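So you can see what is in the structure, the chains are spelled out below.
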Amino acid sequence: MLAKDAGESLSNLAKPSTMVSGRSACPAAANGAPDCKIAADKLCQSKGYKEGKSLNMDSAETCSPKVFIPGRTRKPDDCRTDNFVTRAMCQ
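Caption draft 1: Structural context of the sheet that holds strand β3 (residues 79-90). With antiparallel pairing, three strands are arranged side by side in an open sheet as β1-β3-β2. With partners counted over all chains shown, the strands left at the sheet margins are β1 (18-25) and β2 (52-63), one partner each. The sheet shows a mean angle of 20° between the axes of neighbouring strands, direction not considered. Sheet topology note: the β1/β3 ladder contains six bridges and is antiparallel. Among the inter-strand pairings, Ser24 is bridged to a residue of β3, identified as Val85.

Laid out in structure tokens, this is it:
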């Protein structure tokens, strides 16, 4: 760790932080994984803060109405998992 990095880390610890609750969707990153840093930032910005770090997450399965057709077999692309930040530490 460089001295500059250590100083920035200490200054980040010295900044006042506030925990907020809400629900912000994590968009998919280029590799397909959820990018919850963006969601944490959006959640904090909606409460008047600049940025945030995710503390709690939630996920939900979103399915096409086709899965409710009686007798139809479920296909791999019928449903997707959506991830959400529900609590974040904001600065």
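The rest of the description comes next.
Caption draft 2: Region of the structure containing the side chain of Asn83. Within the fold, Asn83 resides in strand β3. Residues contacting Asn83, with those up to four places away along its chain left out, are Ser24, Ala25, Cys26, Pro34, Met57, Asp58 and Ser59.

Caption draft 3: Looking closely at the environment of Lys50. Here Lys50 shows up in the loop between α2 (36-46) and β2. The sequence separation of Lys50 and Gln91 amounts to 41 residues, and the corresponding C-alpha distance is 6.0 Å.

Caption draft 4: Focus on the pattern of salt bridges. A full pass over the atoms with the stated rule returns six salt bridges. Across the salt bridge formed by Arg74 and Glu61, the nearest N and O atoms sit 2.7 Å from each other. In this pair, Arg74 is assigned in the loop between β2 and β3 and Glu61 in strand β2, connecting sequence segments 13 residues apart. The class of Glu61 is exposed, set by a relative accessible area of 51%. Among the ionic pairs, Asp82 bridges to Arg80, the shortest N-O distance being 2.9 Å.

Definitions and limits used
Residues numbered from 1 in each chain as written. Predicted model: local features only at pLDDT ≥ 70, side-chain atom pairs only at ≥ 80, totals over all residues. Heavy atoms only, no water. Pairing = 2+ DSSP bridges. Helix = DSSP H or I, 4+ residues; strand = E, 2+ residues; numbered from the N terminus. Axes fitted to C-alpha atoms, helices over the stretch in contact; angles between N-to-C directions. Contact = heavy atoms within 4.5 Å. Salt bridge = Lys/Arg side-chain N within 4 Å of Asp/Glu carboxyl O. Buried < 20%, exposed > 50% of the residue type's maximum accessible area, 1.4 Å probe, protein only.

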